[in-house]
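Coordinate analysis (summary)
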Amino acid sequence: MAPRADVVVIGGGHNGLVVAAYLAKAGRKVTLLEAADQVGGILRTTSPADGVTAPGIAHTVGRLRASVVKDLQLERHGFEAIMPAVRMFAPQLDGPAVTFWADPARTASELRERNAHDAEAFSGFDAKMRAIASFLAYVNVATPPDAKSPSIADAIMGLKLGKAFRDLGAKTGREAIRALPMAVADLVQEVFDDEAVRGPLTTRGVLFTSMGPWATGTAAVFLNDSAGTDGGAAGTAVFARGGTGALAGALESAARARGVDVRTGCEVAGIRSKDGRVRGVTLADGTEIDASLVVSAADPKRTLRLCDPVELNPYEVWRAENIRQPGATAKVNLVLSGLPTFHGGDAERLQGRIVVGLSIDHVERAMDANKYGRIAEDPMLEVTIPTLTDPSLAPEGSHVMSILFQAAPRHLREGDWSTERDRVADLAVKSMERFAPGLGELVEAREVITPEDMETDYGLTGGHAYHAEPALDQFFAWRPLNGEARYRLQIEGLYLAGSGAHPGGGITGGPGANAARQILADAKR
Amino acid sequence: MAKRYDAVVIGGGHNGLVNAAYLARAGLKVLVLERRHILGGATLTEEIVPGFKFSVFSYVVSLLRPEIIRDLELAKHGLEILPLDGTITPLDDDYLWRVNDHGKNVRELRRWSLNDAEVYEEYGQLMAEMGRFIKPILSIAPPDPGTISPRHWLPLGPLAKAFRDLPKKMQTTFIQLMTMSAADFLDQWFETEPLKATMSASGIIGTFQGPRSPGTAYVLLHHYMGEIDGAFRAWGVPRGGTGSVAYAIADSALSLGVEIRTEAGVARVKTAGGRATGVVLSSGEEIEAGVVMSSLDSRQTFINLLDEGELEPSFRDEVMRYKYRGSSGKVNLALNGLPELACKPGVGPWLRGAISFSPSLDYMERAYDDAKYGRPSERPYIDCIMPTLVDPTMAPPGKHVMSCFVQYAPYHLEGGEQWDDAKREAFGQNVIDTLEERFPNIRSLIEGHQFVTPKDIEDITGLSEGNIFAGELSLEQLFFNRPVPGWARYETPVKDLWMCGSATHPGGGIMGAPGMIAAREYLKLRKRGRRAA
C-alpha cells in the first residue's frame, strides 16, 4: 500500500515551504516533494567558483511578508536580514550617478543639485506610492473573491477592503484606482523631468516581466513591489545573511521543526485523481504517495499539466495552456577578484541594487527586443554585489556580482540558448564596463542562468520567475485564471500555492501563506 | 444687452450637435457655437480637391448609437449609411479577404489554417455577445469611486448582476478584453498572421499603443460595439461623407429649434462666483447662458477657455497630465481611376470594402516602435477605403476618392521637433510609397491629395495633440477617470459648465453617446433643482 500523508506539497521553493510549514503548524501531516536536490527554488544558490556562493535567480528578499517571518519564527531558524542604507544606485553615461536611499529625504536632498524640480517632487511621490502600496498590502493578504458566487466571507473581505480604501481618503483613493492600470512610464513621467530619475524607477515595474515601461499595468507591478514593505518609490534592497539560500534553509528548518517531511530529489510525475477528487501523487520513479490534499507550489501550467486531462474538461485545458508566462530574464553571476570602481560610487552606494535603466526609452528598447525574440544589445540590468554586505559569501578580497539581465527571451527567433548563453554574459559585462571601467579584467569566473535553464533546472514553465506574467489579465481575482484564484484548482483537493496564485511572484511568501489559510478554512466547511 | 439662452453648446461636432438637439427636445432654448465656417468638427466632409469630397478625418461609421438615430430621426434628416463589405489584407503574393458572409470567410480561412477557420465563428459570436453585454455601459454616467452615494452606484447594479450571471467563459473573456493586449487576446484563438494583425488593428486605432500593448483588447471591443440597423460589427460610410452625419444631426437640431452659428469661436467662458454664466466670442460678443456645454476636450475647455484662477491648481494639474498623444494621420487621395492590387489584379468587390495594410503583428508592432521614439512609421498601418465605390457622388464620374487612415504619425516628434510642411510632405509621400507596394499603378492615378498630420488635426478641429478620441482610450482614462478622476459625470468644478464631448465617457468615435448622456444628466439635475426650488 502506498504511503500516506494528509497533504502533499509539490515544490520546495519559498512558497512551498511556507504553505507546508503553516499546514504542519495547524496539525496536518505534510510531505513536501522537491525535484531538485536542494530546496529553495528561485532562492537556491549556486557556486560559480570554489568557496563562492552566488544567488541563483532572486538576489534580494526585501518583500518577504513580515507576518511570515514572525509566524514561522524564521529568525530563530537562522534568517537574518541585511538592510543597507542604500536602495538603488543608478549610474549614468554622462555625469554623476543618482542614488536612491532608504531615507527619501536623503534621496531628495542629493537630487537637489541635479534637478531641483525632481528633488521637490520626490518626497510627495514617495509618500503617495507608500499610501497606495499600503492599500495593496490589504489586497495582497486577501483571498480573491469568487465573482460567480460571492460568499459571506467574500462580503466581509470586501467590506474590509472597502474600509481600507476609504481610509485612503477620496483623493488618494481616486489616485490609486487611476494608478493601478497605468504604465509605469506614465506614472513616473508625469512627476519627474529627469530621465536619470525616471529610468531607474521604471525598471521596478518591468523586472521579471516581459513588458516594457510603456505597457499598461506595469504601474501595478511597481506598486506591488512596495506593498506591505518599507519600499516606497525606491523599492526595497534587503539581503539574507549567508545568501538567498540561507532564507531557504531557514524556511526548511522552520518547516521541519513543525514536522514537515521534506524530501528532495523527488520529482512528481503526476497528480492522481478519481471522480473529480485528488488521491495523491505519482513520483517520476513510479512511487505513489496517497494524500487527500495536494498543494502545488509549482507554476499553474505545470501543475495542471500534471493532472489527468480527462479530469479537466477541454475548455479548462485550453485555458490553462493560455496562461501567459513569457520569461524574459536571464541571470549572470560574476566572480570578481576585487571590487570594481564605479564613477561616483563609493562602497556604501553599491550595497543595494545597482540599476542600469538609463531612461524610459532605454528600458523600453531593451524590452522591445523581447517582442521580436532577440536578446537586448543594450540591456536593462539590476545588479547586486552581495559580498559587500556579507563577505562570508566569497574568499577574502573576492566579490560576487549578481546581474539580472533583460530582455533575454525564453524563445529566441534566431539561434538557441546553447549558443547564445555566453553572449548574455558578454553583453552584461560590456554594459557595466561603461560605468565600472576595468570590470572585465576582474572577472575570475562567470555563469549564466538562461531562461531555458530556469525552465529545465528550476521547473519554471516559460522560464518565468513569477510563474505567470504579472499583467492585469492575470491579476488578483483572475490569477492564474478567472474562477481559480481562491487557491483551489479544478480538481477537489488540489490547491495552488505558488507565485502563479494571488498575490503573485517575488520573495513574499504571500501565496503560500494565503493558500494555507484558505486550505484550512475550506477544511472547516 | 447680451443675448441669453438656456444652454450654449461650444463646438459643432457630432457630440455638440447631439447634445444641443437633446436639450432642445426637452424644451430648452439652445445655441451651438462653431469656430469654423463648416459644421462637423472631426466628422467632416470638405471639397479639398475640386470635384472630390473628402471625409477629411473620420471616415467610417458604426458606433453611432441607434437610439440617437431614432430619437433625432436622423434618417428623416438625410442620414443614410451605406454598408462596407469586408476587408482585404493584401500581402506580397497573396491576400486575406474577409466579407460579410460567414461561409465565404470560413472557406477563405481554410486556405490559411483549419484551426482558424474552425474557431472563427465561435470567436465572432463571443465578441458579439460581449458587445451586447457591455452596451449598457455606454449609456451610464460613471460613478465617482471617491463617494458611496447610491445615486452614483445604483445604475451599475444591473450591470454587476449581469456580470455575475454571465457564464464563466464570458466573464473570463470580459476580463481579458479589459486587460489584455489585442495580440495576446487574439493569440488564444488564431494563428494566421495577417488575420491576427488585421483584427488587432481595431485595437490600436486612434491610440498610442501597439497591438502587443496591454489594454488594446479593450479598444478592440470598443470598435466591436458598433452596429448598423441592429447588425453588430458592421461598418459603413455615410452617403455624402462623414460630414453628412453632422449635417443630419444639425438638421434635426434646427427642426427642434436649436440655433447654430458658425464662424463663432468662443474665446472664454464667463464666470461669476464660481459659476459659468455664458461665453465671450473671439469677436468680443457676449452671450449669456443658463448652462455652458463644452464638447471640446478637457485641455481646451479648462485651460484655454477659463481663467487660471477659476480652478484649483490640483484640478488643473490633473487636466494637464491627461494623455492625448495623437498617433494617427490621414492621406486623402483624388484618383482619376481605380487602382488595382498587385496580389489580386482587376476590379472587383474586394475594392469595395476596407483594404488593410496589416500583413503581420510584427509589422504593426514595428510601426508602433517607430512612433514610440518619435518617428512616423517607416511602414505604417493603413486602413484604406474608396467610398466612391459605394457612393459615387463623392467624385466626378469615373473618378474616385481614396481615404487612408494612417498609423502611426506621432504628434510629438523625436528631439522635440515640430511638424511642418516638409515633414507633412515626407509623411504623405511615404504613405503613397507604402500604398504603391500593393497598388503599383497608384501614383499615375493621383490627381490631388490631402495629407493630414496630427498637428493638422489639432489645428483644424481643435482636438489637443490631434487625438481623434479627444484623449487616449487607455484604461486609466476610461469610465470614472474620464476626463478627470472624480469628474466623470459631465459636470465640472465650475458650476453650470458641463462637458459633453468625446473627452468624457464613453469616449470617442462617431458615437454621440457623450453628448446624449450629458444632456440627460443635465436635464435630470435641472428637474431636481426645480423640484427643490
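What you see as residue numbers is a count from 1 along each chain, following the sequence as written. Chains carry letters and ligands carry numbers; both start at the beginning, A for chains and 1 for ligands, and go up in the order they are written. Given that the model is predicted, a residue must reach a pLDDT of at least 70 before its local features are reported, and side-chain atom pairs must reach 80 or more before they are shown or counted; all residues, however, enter totals for whole chains, interfaces and linings.

All names here are of chain A. When DSSP finds two or more bridges between two strands, those strands count as paired. Note on conventions: DSSP H or I runs of at least 4 residues are helices, E runs of at least 2 residues are strands, and numbering of each starts at the N terminus. The 7 strands lie next to each other as β7-β6-β14-β15-β16-β13-β17, forming an open sheet whose pairing is mixed. Across the chains shown, the open sheet's two edge strands, defined by having one partner strand only, are β7 (98–101) and β17 (443–449). Direction aside, neighbouring strands of the sheet carry axes that sit 20° apart on average. Bridge analysis of strand β15 (residues 380–384) against strand β16 (residues 399–406) gives 5 bridges, and the strand direction is antiparallel. Across the sheet, residue Thr-384 finds its bridge partner in β16, namely Ser-402. The axes used here are C-alpha line fits, helices contributing only the stretch in contact, and every angle between their N-to-C directions lies in the interval 0 to 180 degrees.

A residue's pLDDT is the predictor's confidence in that residue, given on a scale from 0 to 100. The predicted model of chain B averages 92 in pLDDT, with 97% of residues at 70 or higher. We note a pTM of 0.94 for the whole complex and an ipTM of 0.91 for its interfaces.

To continue, consider the interface of chain B and chain A. Across the boundary between the two partners, chain B contributes 30 residues, which contact 29 residues of chain A. Sorting the residues of the side of chain B that touches chain A by element identifies α7 (168–179) and α14 (361–372) of chain B as the ones contributing at least two each. Take the side of chain B that touches chain A: its biggest share by element is 7 residues, from α7 of chain B. Of the residues belonging to the side of chain B that touches chain A, the class tally is 7 nonpolar, 11 polar and 12 charged. Placing C-beta atoms from the backbone, we regard two residues as in contact once those atoms come within 7 Å. All residues other than Ala, Val, Leu, Ile, Met, Phe, Trp, Tyr, Cys, Pro, Asp, Glu, Lys and Arg, Gly among them, are scored as polar; the first ten of these are nonpolar and the last four charged.

Residue and element names in this part refer to chain B. With 21 residues, helix α4 (residues 114–134) should cover 30 Å at 1.5 Å per step; its first-to-last C-alpha distance of 31 Å lies within 8% of that length. At every residue, the bend is computed as the angle between two fitted axes, covering the seven residues ending there and the seven beginning there respectively. Most pronounced at Tyr-120, the bend in α4 amounts to some 35°. Three classes are used. A residue is buried when 20 or more other C-beta atoms lie within 10 Å of its own, exposed when 12 or fewer do, and partly exposed in between, with C-beta atoms placed from the backbone. Along α4, the residues classified as buried are Tyr-120, Met-130 and Ile-134. On its buried side, α4 packs onto α3 (102–110), α7 and α10 (216–224). One less than the number of residues in a helix, times 1.5 Å, gives the span that helix is expected to have.

As a further point, take the sheet that holds strand β16 (residues 354–357) of chain B. Across a sheet, strands are paired by hydrogen bonds formed along the backbone, either parallel or antiparallel in direction. Residues and elements named next belong to chain B. If you trace the 7 strands from one edge of the open sheet to the other, you get β7-β6-β16-β17-β18-β15-β19, paired in mixed fashion. Each edge of the open sheet is held by one strand with a lone partner, namely β7 (95–98) and β19 (446–452). Put simply, the sheet's adjacent strands are angled 15° from each other on average, direction ignored. Pairing geometry for strand β6 (residues 87–90) and β16, over 2 bridges, is parallel. By the bridge assignment for β16, Thr-87 is matched with Ala-354.

Moving on, we get to the nonpolar core. Counting residues in hydrophobic clusters, the biggest one holds 173 residues, and the most contacted among them are Val-9, Val-19, Ala-20, Ala-21 and Val-295 of chain A. The biggest single contributor to this core is helix α4 (residues 116–141) of chain A, with 9 residues. Not counting residues up to four positions away in its chain, the partners in contact with Val-19 of chain A are Val-9, Val-295, Ala-297, Ala-497, Gly-512, Ala-515 and Ala-516 of chain A. Among the nonpolar cores identified, the runner-up in size contains 152 residues, and Leu-221, Val-401, Phe-480 and Ile-510 of chain B belong to it. Joined through C-beta atoms within 7 Å, a set of buried Ala, Val, Leu, Ile, Met, Phe, Trp, Tyr and Cys residues constitutes a nonpolar core.

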